[in-house]
Amino acid sequence: MTEFTSGTLTGKNLHLSFGHNHVLRGIDLHVEKGTTASVIGPSGSGKSTLLRVMNRLIEPDQGDILLDGRSVLKDNPDELRQRIGMVFQQFNLFPHKTVVENVSLAVRKLRKLPKDQAHAEALEQLDLVGLKHKADARPANLSGGQQQRVAIARALAMKPEVMFFDEATSALDPELVKGVLALMADLAKGGMTMVVVTHEMGFSRNVSDTVTFMDGGVVVETGPPEQLFTAPETDRLKGFLSDVL
Amino acid sequence: MDLLDQLADTFFNWEEMAKVIPALLMVGLPNTLILAVTSGILGSLLGLLLAMMAISRNAGARWAARIYTDIFRGLPAILVILVIGIGLSPIAREITGNRNPYPLGILALTLIAAAYIGEIFRSGIQSVEKGQLEASRALGFSYGSSMRLVVVPQGIRRVLPALVNQFISLLKDSSLVFMLGLAASDREIFRIGNDAMANTGNLSPLVAAGILYLVLTVPLTHFVNFIDTRLRTGRPEKKEPDELAAPIGKGAQA
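**A short note on helix α3 (residues 99-109) of chain A**
Here is step 1 of the chain: With 8 of its 11 residues buried, α3 of chain A lies for the most part within the structure.
Here is step 2 of the chain: If you check which residues of α3 of chain A are buried, you get Val99, Val100, Asn102, Val103, Ser104, Leu105, Ala106 and Val107 of chain A.
Here is step 3 of the chain: Close packing links the buried residues of α3 of chain A with α4 (115-128) and α5 (144-156) of chain A together with α7 (130-139) and α8 (143-158) of chain B.

**Some thoughts on the side chain of glutamate 16 of chain B**
Here is step 1 of the chain: Among the structural elements, glutamate 16 of chain B can be located in helix α2 (residues 14-54).
Here is step 2 of the chain: Residues contacting glutamate 16 of chain B, with those up to four places away along its chain left out, are Thr200, Asn202, Ser204 and Pro205 of chain B.

**Side note on the packing of aromatic side chains**
Here is step 1 of the chain: All told, the structure shown has 4 aromatic pairs over all chains when counted by the stated rule.
Here is step 2 of the chain: Their ring planes at 65° and their centres at 5.1 Å tell us that phenylalanine 178 of chain B and phenylalanine 190 of chain B sit as a pair that is edge-to-face. Of this pair, phenylalanine 178 of chain B sits in the loop between α9 (160-173) and α10 (189-200) while phenylalanine 190 of chain B sits in helix α10, and the two are 12 residues apart along the sequence.
Here is step 3 of the chain: Taking the ring centre of phenylalanine 94 of chain A as reference, the NZ or CZ of arginine 154 of chain A above it sits at 4.4 Å.
Here is step 4 of the chain: Over the face of the ring belonging to tyrosine 143 of chain B we find arginine 57 of chain B, whose NZ or CZ atom lies 4.4 Å from the ring centre.

**Some thoughts on a nonpolar patch on the surface**
Residue and element names in this part refer to chain B.
Here is step 1 of the chain: Together, Trp63, Ile67, Ile71, Leu75, Ile78, Leu79, Val83 and Met179 line one region of the surface with nonpolar side chains, adding up to about 710 Å² of accessible area.
Here is step 2 of the chain: Only α3 (59-74) and α4 (77-87) provide two or more residues apiece to the nonpolar patch.
Here is step 3 of the chain: By the element assignment, isoleucine 71 lies in helix α3.
Here is step 4 of the chain: Looking at isoleucine 71, the relative accessible area reads 42%, which means it is partly exposed.

**Describing the environment of valine 100 of chain A**
Residue and element names in this part refer to chain A.
Here is step 1 of the chain: Structurally, valine 100 is set in helix α3.
Here is step 2 of the chain: When its relative accessible area of 3% is taken as the criterion, valine 100 is described as buried.
Here is step 3 of the chain: Each C-alpha atom of the pair valine 100 and arginine 138 lies 9.1 Å from the other, and the pair is 38 residues apart in sequence.

**What about the sheet that holds strand β2 (residues 21-31) of chain A?**
Hydrogen bonding along the main chain pairs the strands of a sheet, whether they run parallel or antiparallel.
Residues and elements named next belong to chain A.
Here is step 1 of the chain: Within the open sheet, the 4 strands sit side by side as β2-β1-β4-β5. Their pairing is antiparallel. A single partner strand is all that each edge strand has here, and the edge strands are β2 and β5 (70-71).
Here is step 2 of the chain: Contacting β1 (9-18), β2 and β4 (62-67), helix α1 (residues 47-54) crosses the sheet at an angle of about 115° to β1.

**What to know about the sheet that holds strand β6 (residues 84-87) of chain A**
Residues and elements named next belong to chain A.
Here is step 1 of the chain: Strands sit in the order β6-β7-β8-β3-β9-β10 across an open sheet of 6 strands; the sheet is mixed. Taken across any chain shown, the strands that pair with only one partner, and hence form the sheet edges, are β6 and β10 (218-223). Averaged over neighbouring strand pairs, the angle between their axes works out to 15° when direction is ignored.
Here is step 2 of the chain: With 4 bridges connecting them, strand β3 (residues 36-40) and strand β8 (residues 193-197) associate as parallel partners. Along β8, the bridge assignment pairs valine 39 with valine 197.

**Looking at the packing of α5 of chain A against helix α6 (residues 174-189) of chain A**
Residues and elements named next belong to chain A.
Here is step 1 of the chain: Where α5 meets α6, the axes come as close as 8 Å, and the angle between the chain directions of the two elements is 20°. Taken together, the axis directions place α5 and α6 in an arrangement best described as roughly parallel. The two elements α5 and α6 meet at a crossing, and its hand is right-handed. Between α5 and α6, the contacting residues are Gly144, Gly145, Gln148, Arg149, Ile152 and Leu156 on the first element and Leu176, Val180, Leu183, Met184 and Leu187 on the second.
Here is step 2 of the chain: By residue class, the composition of the contact of α5 with α6 is 7 nonpolar, 3 polar and 1 charged.

**A look at the pattern of salt bridges**
Side chains that differ in sign of charge can pair as their charged atoms come close.
Here is step 1 of the chain: For the structure on display, the rule yields 19 salt bridges over all chains.
Here is step 2 of the chain: Put simply, arginine 56 of chain A and glutamate 59 of chain A hold a salt bridge, and the shortest N to O gap is 2.9 Å.
Here is step 3 of the chain: What makes arginine 56 of chain A buried here is its relative accessible area of 7%.
Here is step 4 of the chain: Here glutamate 59 of chain A falls in the partly exposed class, since its relative accessible area comes to 38%.
Here is step 5 of the chain: A salt bridge links glutamate 119 of chain B to arginine 73 of chain B, with the nearest nitrogen and oxygen atoms 3.9 Å apart. Separated by 46 residues along the polypeptide, glutamate 119 of chain B in helix α6 (residues 102-126) and arginine 73 of chain B in helix α3 bring together distant segments of the chain.
Here is step 6 of the chain: Looking at glutamate 119 of chain B, the relative accessible area reads 13%, which means it is buried.
Here is step 7 of the chain: Where salt bridges share partners, they join Arg66, Asp70, Arg73, Glu119 and Arg122 of chain B into one cluster.

Thresholds applied
- Residues numbered from 1 in each chain as written.
- Chains lettered and ligands numbered in written order.
- Predicted model: local features only at pLDDT ≥ 70, side-chain atom pairs only at ≥ 80, totals over all residues.
- Heavy atoms only, no water.
- Buried < 20%, exposed > 50% of the residue type's maximum accessible area, 1.4 Å probe, protein only.
- Helix = DSSP H or I, 4+ residues; strand = E, 2+ residues; numbered from the N terminus.
- Contact = heavy atoms within 4.5 Å.
- Phe/Tyr/Trp six-rings, centres within 6.5 Å; stacked < 30°, edge-to-face > 60°.
- Lys NZ or Arg CZ within 6 Å of the ring centre and 35° of its normal.
- Patch = residues over 30% accessible without salt bridge, like charges linked within 9 Å, V, L, I, M, F, W, Y side chains within 5 Å.
- Areas by Shrake-Rupley, 256 points an atom, 1.4 Å probe, with all protein chains shown as cover.
- Salt bridge = Lys/Arg side-chain N within 4 Å of Asp/Glu carboxyl O.
- Pairing = 2+ DSSP bridges.
- Axes fitted to C-alpha atoms, helices over the stretch in contact; angles between N-to-C directions.
- Parallel < 35°, antiparallel > 145°, perpendicular 65-115°, else oblique.
- Left-handed = near helix turned anticlockwise from the far one by under 90°.
- Nonpolar A, V, L, I, M, F, W, Y, C, P; charged D, E, K, R; others polar.

Any link to function would need more than the numbers given here.
Shown next as structure tokens:
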């Protein structure tokens, strides 16, 4: 498999409000190059918003985002997002394009590869997620698990330095979750820098290098998984873990 | 029986029909198609622009699109055609040196069609899930590229039936340019039928014109139903269960 050119990603004191709703209240998140950080917490705690702020789909009101130690807030946000792949809960594949076109579109238009080369690379990515044989199918004719693996291939085809997963398995039928999680674990082992917002406590505990527990727009606890899962310090995290485990 | 014969002669006088058919087909049909297709294409382009303005983050653009749409959707087509066709003819003559009102008829039909098509496009584009724009932007596409490559094509696909309906309506409304007094070679289906009716005092030429309109519009109506069904159900294809085990781990050995 390809060696990733991973980067270290840091969010510093990130704030965001929607009107009177203060969604992020000074979040710090540091993801060392080649490691996986999982972000857990109850719904509405700002986890998904944090991802969108860190790739500037939503601009933060305050704070800084560093990639490899350099602030990226002044960069062109489109170029920043080419360096950060993102996988969504609802897959968000482009239904009007075939599976291979979904993967090759950005390769062709943004990495500016010629059409046949982009197609070949897209097929290669699809092969890595085990769906080369579905190249010419439409996304609607794939199962949820297959769609999500195509979405991962689509993001990886841009050769990102960091990958974001926004509850990537929450919309999947239980029997399809395993396949997608295994693929994500493979990526983590392969040295990709990843930020994984998840409700899968097993994944968070076994695969990630650090776990960050968010609640009410702040980071309540952060540290290695053994520490958070076996010796939670705060009542909020204890309460959350007793609810979900 | 006399009354029935008289009715038959009024509406279905084959002789009068036969006389008008060559002109209907050779002059009327091409002109109707030129009027409808040209204004349909130009109206779609202008309509797409209006739709992009209507969903733009720029309030000025939104307002301009809103006002335009309100005006041209709110006025009777015949009024717009007359006002544009007569009102702009001195300017058109100045610019082109041509007194022919035909291009102005196309312009008026275009302006009307754009208002309706703009609303059709807007509703289609807005019906595309937010996640599509988000996913495209997350890949690194700009707002413009995302709209062009991902959102707009899906939006347009969804409103194809409504778009064909609009074209049917345009095909019929193109008859209204007869008000502008076109040269004999520029007359469309309705005007030719109407002229023949006026000359003969018999309705049959208009009935023939009507039949020709139906020959154009009825297949289109059924085409709408066809694409509508196709868009809803897609091409029949089989779903397969997820093959879980096979692919996993393949990429692990970095």
